[in-house]
Amino acid sequence: ETSLVSGKQNPPPPALVTSESKMADTCSHCGKQGTGFKRCSVCKNVSYCGAECQKAAWKAGHKTICLALQEVMELICVAMESADWRGVLKWENRIDELIATKSDVQVEAFLDSFSSARKMMYAETGDGEHCLVAIKLDTLRVELLGKLEMFRDQGEAIHGIGESFMGMRQRDQAAIYYQRARKIGEQHGFFHVEGRSCMGLGSICIKAGRIEEGLDLYRNALAASGLSEKEDNNDTVVVLSQLTNTLVATGGWDELEA
């Protein structure tokens, strides 16, 4: 793909994770793999091949870890609900433990919480390190969401990575992720994802002086947002505003036909 900013060839982005067969259960005590394993009756987040391994793991320390992590989960949820981003991030050093003992769906939720907190801290402080960490967390989320076949959320997460790069003024990188998100939107009929990504790409083109290309992308965004299945979205208003401002600024108002 050609850079929308420099006009040079971009390196190909990593392949999208679109689906994956369900992984076999793994016994958290002995490591044996199989199907139909039973989960811990307390936290329901680790699996065992049989009662012997379950009892052995409980005595070996899972009891302490299990109850402690449950408490951490609850504290993170409380901090998120109260928008206490620092309260969320103080548990970030436990992320390896959380990931190791949770299901993919729960791990994705943890990653989303920490990523959201990092983005809010970036908005508050302007420290780019927060944004870089958020990108790493969202990259892990993208892989998990593909594995779970949650493609709408995957597209939105990819778009979010583009937004993070855009916030750091790394437009070439932002364009790569916007294009990937747009592809998912088009493939699966997620017009909300497609429209937002076209809007991001249009903004990059306008900033790079590629006015006609930018206007076409804004029009695509407007069409996609009008078809969006999200009843509560206001993308149409946002796109119209950006399109109008661009036309006025560039003297191209006459191009917008009634």
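Structure first, text after, so check above.
In this report, the structure presented in the accompanying data block is examined. In this text the structure is predicted, and so the values were computed from the model without any measurement. (Residues numbered from 1 in each chain as written. Predicted model: local features only at pLDDT ≥ 70, side-chain atom pairs only at ≥ 80, totals over all residues. Heavy atoms only, no water.)

## A word on the overall build of the protein
When its secondary structure is counted, the protein shows 10 helices and four strands. Reading the protein from its N end, one meets helices and strands in the order β-β-β-β-α-α-α-α-α-α-α-α-α-α. Each of the 258 residues in the protein was classed as buried or not, and the buried ones make up 41%. Looking at the protein alone, contacts between residues at least 24 apart form 53% of all its contacts between residues at least 6 apart. In the form shown here, the protein has an accessible surface area of approximately 13900 Å², with 52% of it arising from carbon and sulfur atoms. (Helix = DSSP H or I, 4+ residues; strand = E, 2+ residues; numbered from the N terminus. Buried < 20%, exposed > 50% of the residue type's maximum accessible area, 1.4 Å probe, protein only. Contact = heavy atoms within 4.5 Å. Areas by Shrake-Rupley, 256 points an atom, 1.4 Å probe, with all protein chains shown as cover.)

## With respect to the pattern of salt bridges
By the definition in use, this model includes nine salt bridges. One salt bridge connects Arg118 with Glu92, and the closest N-O pair in it is separated by 2.5 Å. Taken together, the positions of Arg118 in helix α4 (residues 104-125) and Glu92 in the loop between α2 (85-89) and α3 (95-100) put the pair 26 residues apart, joining distant regions of the chain. For the pair shown, Arg118 and Glu92 are each scored as buried. Via salt bridges that share partners, Glu108, Asp112, Lys119, Asp138 and Arg141 belong to a single interconnected network. (Salt bridge = Lys/Arg side-chain N within 4 Å of Asp/Glu carboxyl O.)

## Notes on the environment of Asp104
Its place among the elements puts Asp104 in helix α4. Since its relative accessible area comes to 24%, Asp104 is described here as partly exposed. Spatially, the C-alpha atom of Asp104 lies 8.6 Å from that of Leu145, the residues being 41 residues apart in sequence. When neighbours within four sequence positions are excluded, Asp104 is seen to be in contact with Leu144, Lys147 and Leu148.

## Focus: the nonpolar core
Core analysis: the largest hydrophobic core is formed by 24 residues, its most contacted members being Ile158, Ile161, Phe165, Ala174, Tyr177, Tyr178 and Ile204. Among the elements of the structure, α5 (128-147), α6 (151-167), α7 (171-188) and α8 (191-207) are those that each provide at least two residues to this core. With seven residues, the top contributor of residues to this core is α7. With residues up to four places along the chain from it excluded, the contact list for Ala174 reads Gly162, Phe165, Met166 and Ile204. Membership of the second largest hydrophobic core comes to 19 residues, among which are Val88, Leu98, Leu111 and Ala117. (Core = buried A, V, L, I, M, F, W, Y, C linked by side-chain atoms within 4.5 Å.)

## Regarding α8
Helix length check: α8, at 17 residues, gives a terminal C-alpha distance of 24 Å against a target of 24 Å (1.5 Å per residue), a fit within 8%. Counting buried positions over the 17 residues of α8 gives 14, a clear majority of the element. (Expected span 1.5 Å × (residues − 1).)

That's the geometry; what it means functionally is another story.
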